[in-house]
Amino acid sequence: AASHSEVHTHGTVKMAAIAISTPIVARAPVVARRARVTARAAVAPAAKPAVSIGARNMMSGSRVESRNMQVASGRKALVCNAGGVQKAAPGEKKKVFGLNLPENESISFLILAGGSLGSALGFAALQEGVFRIPGFKFGAWMTILTTFTYFLCGALEMKLTGDSRKASWKNYGILSVYTYGGMAMTNYALSYLNYATRIVFKSAKIIPVMAFSVLIVGKKYDWKEWLSAAILVAGIVLFTLGDVASSPAFAPIGIALIGGALCVDAICANFEEKNFFRCENPSTTQEVLCFASLIGTFYGLIPFIASGKASVAIAHSMQYTQVVPMIMGFSVLGYSSVSFILSLIKYYGATEAEIIKSLRKVLSIVISFILFPKALNWKYIAGFAAVLISTAYTFYLKGEKRKAKEAAKAAAA
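These notes cover the structure that comes with them.

Scoring rules and cut-offs
Residues numbered from 1 in each chain as written. Predicted model: local features only at pLDDT ≥ 70, side-chain atom pairs only at ≥ 80, totals over all residues. Heavy atoms only, no water. Axes fitted to C-alpha atoms, helices over the stretch in contact; angles between N-to-C directions. Helix = DSSP H or I, 4+ residues; strand = E, 2+ residues; numbered from the N terminus. Parallel < 35°, antiparallel > 145°, perpendicular 65-115°, else oblique. Left-handed = near helix turned anticlockwise from the far one by under 90°. Contact = heavy atoms within 4.5 Å. Nonpolar A, V, L, I, M, F, W, Y, C, P; charged D, E, K, R; others polar. Salt bridge = Lys/Arg side-chain N within 4 Å of Asp/Glu carboxyl O. Buried < 20%, exposed > 50% of the residue type's maximum accessible area, 1.4 Å probe, protein only. Phe/Tyr/Trp six-rings, centres within 6.5 Å; stacked < 30°, edge-to-face > 60°. Expected span 1.5 Å × (residues − 1). Polar contact = N/O pair within 3.5 Å; in protein donor to acceptor, adjacent residues only side chain to side chain.

## Describing the packing of helix H3 (residues 169-189) against helix H8 (residues 285-306)
- Direction vectors running N to C along H3 and H8 enclose 70°, while the axes themselves pass 8 Å from each other. With respect to H8, the axis of H3 lies roughly perpendicular. The element H3 and its partner H8 pack so that their crossing is right-handed. Each of Trp 169, Tyr 172, Gly 173, Leu 175, Ser 176, Val 177, Thr 179 and Tyr 180 in H3 lies in contact with H8, whose residues at this interface are Glu 287, Val 288, Phe 291, Ala 292, Ile 295, Gly 296, Tyr 299 and Gly 300.
- In the contact of H3 with H8, the residues fall into 10 nonpolar, 5 polar and 1 charged.

In structure tokens:
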């Protein structure tokens, strides 16, 4: 998932920029729906406050006549941010991994932003380093170790925060198929693509998301949004052509695998949003990562052992003892990066988090070329420039939309 995940972005923990395919990360902000609250005794009948989805406690003495939402106790409704991440209440202590952050706003932001960037860059360096180890071609083994590490990290954070399971085992069983499948295809693709190309492809999650929104939901996008997507596609094509020209390991199957992973991620994000975050009793991200990764580990072990490849992969890891520590190390960093991003969304907003996520994608590509030099050609450069232009243009469009909404609110008031 990770996006496993990326932090989403749609509410999945998908370490999106990290491309860990763990769909629980932050996604684009979702417009909160309104619910009508009919008072019984203590509240006047006329009171019908707007209620955002994902607030946790039912309002004392009142009945919510709306599905998939709960009302924070008292009259003040809490607002949900991207991916079902609940905005911090006024005066709420800032925390990450159950630990308090400094009171100073700037220092807290720098810790979260720096933690996300540092974790993501460490993740990228270690993961690409594993594929540089002689003879390593064991994407399934990497995926199993990654999901197991996510399970351990999620269980530890649940212990630190006193969290417990809320979603059904049935939903976790379904989610695990998506999260493990997306992660497995992403890891297999690395046997045929340069790491930087993989990052560029994972940046294109918006394309299948837009496609599914149009075909399934009937959502409409204006020409500017389609232009931004077209520039992104052009950048990906150019970057891929650069990979074809410079990478001896390149094979078309790598493109098919990473494209399949993107589609699985998009489906997973919608399933996760509906069944885990936009429901009466929403789950926390650490809960979803913990239980989805636990089941995903078993999903991966069964075919891995049955295929007879387990003994070969373990023998390789015993010969190159750095393999397992490096895989588990980048998995911990991937999990940490998602937690930092979700905390950024909660305390500072989705826009700030999106900026950090985009920055870490760019830096991950740069560090890939610095630590693991590749034959640079004009297609790489042109493709990278197109991706940057698309990202900047998308931010501009989001800013224009936000200003239009604020102006409409002000006019209505």
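## Some details on the pattern of salt bridges
- Across all of its chains, the model carries 6 salt bridges by this definition.
- Lys 93 serves as the salt-bridge partner of Glu 103, at 2.8 Å between the closest nitrogen and oxygen. Within this pair, whereas Glu 103 is found in the loop between strand E4 (99-100) and helix H1 (105-131), its partner Lys 93 is found in the loop between strand E2 (62-64) and strand E3 (95-96), the two being separated by 10 residues in sequence.
- In this structure, Glu 225 engages Lys 401 in a salt bridge whose closest nitrogen and oxygen atoms are separated by 2.6 Å. Within this pair, whereas Glu 225 is found in helix H6 (residues 223-246), its partner Lys 401 is found in helix H12 (residues 378-412), the two being separated by 176 residues in sequence.
- Under the relative-accessibility criterion, Glu 225 is labelled buried at 16%.
- Overlapping salt bridges bring together Asp 163, Lys 166 and Glu 287 as one network.

## Here's the deal with the packing of aromatic side chains
- For the structure on display, the rule yields 16 aromatic pairs.
- Aromatic side chains Tyr 172 and Phe 276 sit 4.9 Å apart centroid to centroid with 45° between the ring planes, which places their arrangement in the tilted category. Of this pair, Tyr 172 sits in helix H3 while Phe 276 is found in helix H7 (residues 252-277), placing the two residues 104 residues apart along the sequence. Phe 276 matches Tyr 172 in its accessibility class, with the two residues each being buried.

## Observations regarding H1
- The end-to-end C-alpha separation of H1 is 39 Å, in line with the 39 Å expected for 27 residues at 1.5 Å each.
- The N-capping residue of H1, defined by a side-chain oxygen 3.0 Å from the backbone nitrogen of Ser 106, is Asn 104.

## Here's the deal with helix H4 (residues 195-202)
- Taking burial as the measure, the 8 residues of H4 include 8 buried ones, the bulk of the element.
- Every buried residue of H4 is listed here: Tyr 195, Ala 196, Thr 197, Arg 198, Ile 199, Val 200, Phe 201 and Lys 202.

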